[in-house]
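# A closer look at the structure
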Amino acid sequence: MNSKSLEERYDRILRDMEGSLTARDRVGIQDFVLLDNYTSESAFLDNLRKRFHENLIYTYIGTLLVSVNPYKELGIYTKKQMDLYMGVNFFELPPHIFALADNVYRTMLSETNNHFILISGESGAGKTEACKKVLQFYAVSCPSTRVLDDVRDRLLLSNPVLEAFGNAKTLKNDNSSRFGKYMDIQFDHKGGAVGGHILSYLLEKSRVVHQNHGERNFHIFYQLVEGGEDDLLRWLGLERNCQKYSCLVRGECAKVSSINDKSDWKTVQKAFTVIDFSERDVEHLLAIIASVLHLGNVQFEKSVRGYATLNSSPEVHWLSKLLGIPPQILQQGLTHRKIEAKSEEVLSPFTKEHAKYARDALAKAIYGRTFNWLVGKINESLVNKDSTRKTVIGLIDIYGFEVFQVNSFEQFCINYCNEKLQQLFIQLTLKSEQEEYETEGIEWEPVPYFNNKIICDLVEEKHRCIISVLDEECLRPGEATDLTFLEKLEETLSGHPHLITHKLADQKTRKTLDRGDFRLIHYAGEVTYSVSGFLDKNNDLLYRNIKEVMRQSQNNIIKHCFPASEPDSKRRPETVATQFKTSLAGLAEILMSKEPWYVRCVKPNDGKQPGRFDDVIVRHQVKYLGLMEHLRVRRAGFAYRRRYEVFLQRYKPLCPDTWPNWKGTAAQGVETLVKHLGYKREEYKMGRTKIFIRHPKTLFATEDAFDLCKHQLATRIQAKYKGYRVKGDFLRQKEAATKIETCWRGLMARKEKERRGWAVKVIKKFIKGFMTRNQPVCKDNSEYLAFVRHNYLMRLKDNLPKSVLDRHTWLTPPPIMKEASHLLRKLYIRHMVQKYVKGMTAQRKAQLQLKGLTSGLFRGKKENYPSSVGRPFVDTRISEQDLNIKVLQTLCQEGVKYSVPVIKYDRNGFRPRFRQLIFTQVAAYLVEEGKVKQRMEYTSLKGVSVSNLSDNFLIFHVTCDSKQKGDVVLQCDFLFEVLTKLCVLMNRKSIISIVQGSVRFDIHHGREGFVDFKSGSESMVYRAKNGHLMVVSIQVSGKWWQRNKELKSLQTLNTTNYFNFSRSQQRQNPDDPEYWISWINPESTYSFPKTLVI
Ligand SMILES: Nc1ncnc2c1ncn2[C@@H]1O[C@H](COP(=O)(O)OP(=O)(O)OP(=O)(O)O)[C@@H](O)[C@H]1O
Ligand SMILES: [Mg+2]
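Residues numbered from 1 in each chain as written. Chains lettered and ligands numbered in written order. Predicted model: local features only at pLDDT ≥ 70, side-chain atom pairs only at ≥ 80, totals over all residues. Heavy atoms only, no water.

Worth spelling out the cut-off: UniProt positions are given in the numbering used here, feature names are shortened, and annotations may be inferred rather than shown by experiment.
The name recorded for the protein in an unreviewed UniProt entry is Unconventional myosin-Ih, from Clupea harengus. Per its UniProt entry, the protein bears the Sequence similarities (unreviewed entry) comment "Belongs to the TRAFAC class myosin-kinesin ATPase superfamily. Myosin family."

Listed below in structure tokens is the structure:
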């Protein structure tokens, strides 16, 4: 059962407990033992009545259950109710047959011993119903498997079959059991119902041929006729009309409103299949039932000689067919008897009366024996072949005590049986009560009670009892009749306080008795029996020859019921009463070996009416069932007793020392508890295993205190439980968190280990790679080298030189990258140069070209050249606005290309004069203000001389003829610019000559002059004594450094041009202008421009 349904269940139990306690006043008390006025029959009845009117039909007397028949459905036998009562302490819930059944079952399991539940009460009090409820409870509550379910179904369905064949409508009960039944349910050690066995007792077979007014034959006949399918009825030769069968209508009550024969027939049919009845078995069984009906209709004629004759009637035909006996044999058997005459056997014909008697005897015998076969067959299907030890719960459902208008032999047996069971009950309850006191070590206080042993003895005592007198009469030779039996009875048992006959009675009583009656004062009341039929019924004679006829039957069941081995009539079989007496003694023996439990059924009224509580009738039953005595015995001294464990368990919350747990023994706990509760010494006794409480009020006070504390307790338990649940949840979560953490840590650790392992490998590889870095690429160093390469390249990427001129920034490469680094460096510089070049303007390019040209002309040749490198060239030094307009007009034809201010030294005397030097496309002019002083055509220009020193003198050599003036000595700050432009304009670089020392020049044709150059500390120009013009220029300090610097920058430019390395190699000389020009535009094969735009 899951925890939720358990919780629900306990909730319900608590509610019910509370309910039952609060309703105590309204519904009386649920255990008579707690009745204060326990000796008062009225108080007892009041309580029973109160409860009955509240539909509370069950009340305990200790463990005995009193059940009052409600005669209506109460809805208290549902599956839900069964679940409620399963496994719950007996006294925890309101009294119920399920509580008793559950308690028996659990006691059996825990103590592994056998038990029985004795269900008693008069006819119609509800014994059979109670028995069925117990069975149903076990069917639901016992463990279930496929095999166990089979047994369960058979146990359950054996009931409708037995009831169909053994129950009948009587005046007392519409479903009255006409046989006694003791049913064993066998359980294995796990509590599974594994088998069963049924003992049946004395079927009232006289009902087959005779029913009192208002009664019926056994149900099966009506079920077959009403419910049987048409084909079946046809096959059995039956009609669907009970009125056609004389043995069904003797009581003139074939139809009963409370009975549905049709649906009962369906149930019986289904039951046949479950309890292993083969089709053939069922066919033969029904053939027998039909035969009994046909037999009942057999009528005899009287022959002329006064004998009974039987003509071939349809009944004989059907009997013969159904029983498989030739009709003649059957006819003969029904009309004759065999008698032994000397050594011969002769057939003697019956009189008509005799024949009827024999017919009825046969019908009873067939039915009675078939019933026994049926019980045997059911037992076969319930048998458990497993030899392991089983425990047993027995259910006794025996016909109840009954009193009719006319009571016969059957009632005598039935009431005798009830008398015996009452005796057993007295013995067992008193004995056990006494034993309990003894075992508990508590003084026994004897209780007066009515012991019905005297009545039992009257019926069954050896030699001096009713049965022995009856048997004697049956067996003695001579004319014994029912009346002679009565006489014998009067003779033998006269004076017995419980036997009255017409003869033995006093005047007053005699009036109530017929001559053929005897009256027994039973424990349950007086019953007057009519002796008529006693002898016959006790003899239960069946003529030998009819038995022989039956033996010839083809019907298997009949064959089985009339075996060839049956003793013949020479040895008289035991009489019915003796047989019954023996079987009851057997039953008593069976029961004495088991633990008893009791259900006492009470009938509330005689009219089978719901809601009617007839005080007189109930009082009578309370009396004869000995309920008051039982209560007195239970209360002998102590109203209440309970095992220490149970008592402590229930009431321990009432004492702080015992709550929540008592550490010592249960007895000590109870002692502490009752002291705390203030029990007085005389109010209770401590037994060995139980506490005995003298007055109910003591217990009620305890119960009330418990009731008060329960709510408080419930809150505390709830709080505890919630705490426990939350703590449990917390612990589970904590555990889960720890688990997850552990897993996570493990995972992390494994990853870390993996990482470390990997790192170790990498480092090892790295170290190995490092150690073998200088070896050729191999497995060991390939990765390291790749790393070094990658690393170097990555670092290099971030540390590249920022400009073309930055020649120092370059990461030192690792050895393996030396070559690559070198190549990369070259590539990078080339790239930078290319970038630089691409970013250059046309103007700047032209400038550089000119500069290149200048360099080619003067680098390393003239001292002050380096200082000019940084000075950019300009288009012209004198703008056109500053030139004289006349000059401009003169020269406009030729186009002024360049003009610059110069100092001209006179060829004679070397007087300096400021002039403008203007270059046109074809000539150079010396201009003074608006006058062109000298025109030098380029064609006539022989050359231009400059010194190698740092002066800025230039001497134009012209062809000196008579027309022409002589050479021109000029000083110009923009010497290099002037000369470069001139070279370009003239497209002749060879025109310039750099000289050392002195320059000769023509003053005019035929006369020469000299300009001497030298270095000095101060620049000076003067006319030397020798008539030469002396030009002293300051020697440029660090000249070679300057020169180197220039060289280096040019080299840088040079090295960047990797793209045209081979080509540039051809022009290695940086002083060569072409070399420079090729750098500036590496793709062009430079040819000196014919015309250069300046
Ligand atoms: N607990 C019950 N709830 C409802 N009706 C019941 C209950 N017990 C008995 N009855 C009714 O009373 C009738 C008689 O009950 P039952 O057959 O059990 O009596 P009995 O004691 O076995 O009588 P007998 O001795 O004649 O066999 C049932 O058919 C049923 O209608
Ligand atoms: Mg019954």
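Next comes the rest of the description.
## Comments concerning the environment of Arg-207
Applied cut-off: Under the scheme used here, helices are H or I runs from DSSP no shorter than 4 residues and strands are E runs no shorter than 2 residues, and both carry numbers assigned from the N terminus. The rule is simple: take the accessible area with a 1.4 Å probe, protein chains only, and divide by the maximum for that residue type; under 20% is buried, over 50% is exposed, in between is partly exposed. Contact criterion: two residues are considered in contact whenever any of their non-hydrogen atoms come within 4.5 Å of each other. Any N or O atom pair separated by 3.5 Å or less is treated as a polar contact, with the protein-specific requirement of one donor-capable and one acceptor-capable atom, and with residues adjacent in sequence counted only for side-chain atom pairs.
Looking at the element boundaries, Arg-207 is found in the loop between strand E7 (193-201) and helix H8 (219-227). For Arg-207, a relative accessible area of 3% translates into the label buried. If near-sequence neighbours (up to four positions away) are discounted, Arg-207 is found in contact with Ala-168, Lys-169, Thr-170, Arg-178, Glu-215, Arg-216, Asn-217 and Phe-218. Here the side chain of Arg-207 touches Glu-215 through a polar contact of 2.9 Å, side chain to side chain.

## Comments concerning the nonpolar core
So the rule is basically this: Nine residue types can take part in a nonpolar core, namely buried Ala, Val, Leu, Ile, Met, Phe, Trp, Tyr and Cys, and a core is a set of them joined through side-chain atoms within 4.5 Å.
Membership of the largest hydrophobic core comes to 120 residues, with the highest contact counts inside it found for Ile-117, Tyr-138 and Phe-165. A total of 14 residues in this core trace back to one element, the largest contributor, which is helix H14 (residues 352-382). Leave out the neighbours within four places in its chain, and Ile-117 touches Leu-100, Val-104, Val-134, Tyr-138, Ile-393, Gly-394, Leu-395, Ile-396, Trp-597 and Val-599. Listed in part, the 94 residues of the second largest apolar core include Val-68, Cys-474, Tyr-640 and Leu-673.

## Thoughts on empty space enclosed by the protein
The criterion, for reference: Points on a 1 Å grid, built from protein atoms alone, make a cavity when a 1.4 Å probe fits but cannot get out and make a pocket when they are open with protein on both sides within 12 Å along at least 5 of 7 lines; residues with an atom within 4 Å of a point are the lining residues. Grid points are joined across faces, edges and corners, and a volume is the space filled by probe spheres set on the points. Gly counts as polar in this scheme, as do all residues outside two lists: the nonpolar Ala, Val, Leu, Ile, Met, Phe, Trp, Tyr, Cys and Pro, and the charged Asp, Glu, Lys and Arg.
Counted by the stated rule, this structure contains eight cavities of 30 Å³ or more. Reported here for the largest cavity is a volume of approximately 100 Å³. Looking at the largest cavity, the residues that line it are Leu-135, Tyr-138, Ala-139, Cys-142, Pro-143, Ser-144, Leu-148, Asp-149, Arg-152, Leu-155, Ile-185 and Ala-193. When residues of the lining of the largest cavity are assigned to their parent elements, the largest contribution, four residues, is made by helix H7 (residues 146-166). Across the lining of the largest cavity, the residue classes break down as nine nonpolar, one polar and two charged. In this structure, the second largest cavity encloses a volume near 60 Å³. Contributions of two or more residues to the lining of the second largest cavity are made by helix H15 (409-440) and helix H25 (627-635). For the lining of the second largest cavity, the leading source of residues is H15, giving five residues. Of the residues assigned to the lining of the second largest cavity, the class counts are five nonpolar, four polar and one charged.

## Thoughts on the packing of helix H11 (residues 279-297) against helix H12 (residues 314-323)
Geometry of a packed helix pair, given as the angle between the helix axes and the separation of the axes. As a reminder, the rule being used: Interaxial angles span 0 to 180 degrees and are taken between N-to-C directions of axes, which are lines fitted to C-alpha atoms, for helices over the stretch in contact. Working definition: roughly parallel below 35 degrees, roughly antiparallel above 145 degrees, roughly perpendicular at 65 to 115 degrees, and oblique for all remaining angles. Here a crossing is called left-handed whenever its near helix is offset anticlockwise from the far helix by less than a right angle, and right-handed whenever the offset is clockwise.
As a packed pair, H11 and H12 sit with axes 9 Å apart at the nearest point and diverge in direction by 160 degrees. When the axis of H11 is compared with that of H12, the two are roughly antiparallel. As for how H11 packs across H12, the hand of that crossing is left-handed. For the pair H11 and H12, contact is made by Ala-287, Ala-290, Ser-291, His-294, Leu-295 and Asn-297 and by Glu-315, Trp-318, Leu-319, Leu-322 and Leu-323, respectively. When grouped by side-chain class, the residues that make up the contact of H11 with H12 number seven nonpolar, three polar and one charged.

## A word on helix H5 (residues 97-111)
Heads up, the rule is: Expected helix span is given by 1.5 Å per residue-to-residue step, counting one fewer step than there are residues.
A rise of 1.5 Å per residue sets the reference length of H5, with its 15 residues, at 21 Å; its end C-alpha atoms lie 21 Å apart and thus fit the reference within 8%. Across the 15 residues that make up H5, a large majority, 11, are buried. Looking at the residues trailing H5, positive phi occurs at Thr-112, about 40 degrees.

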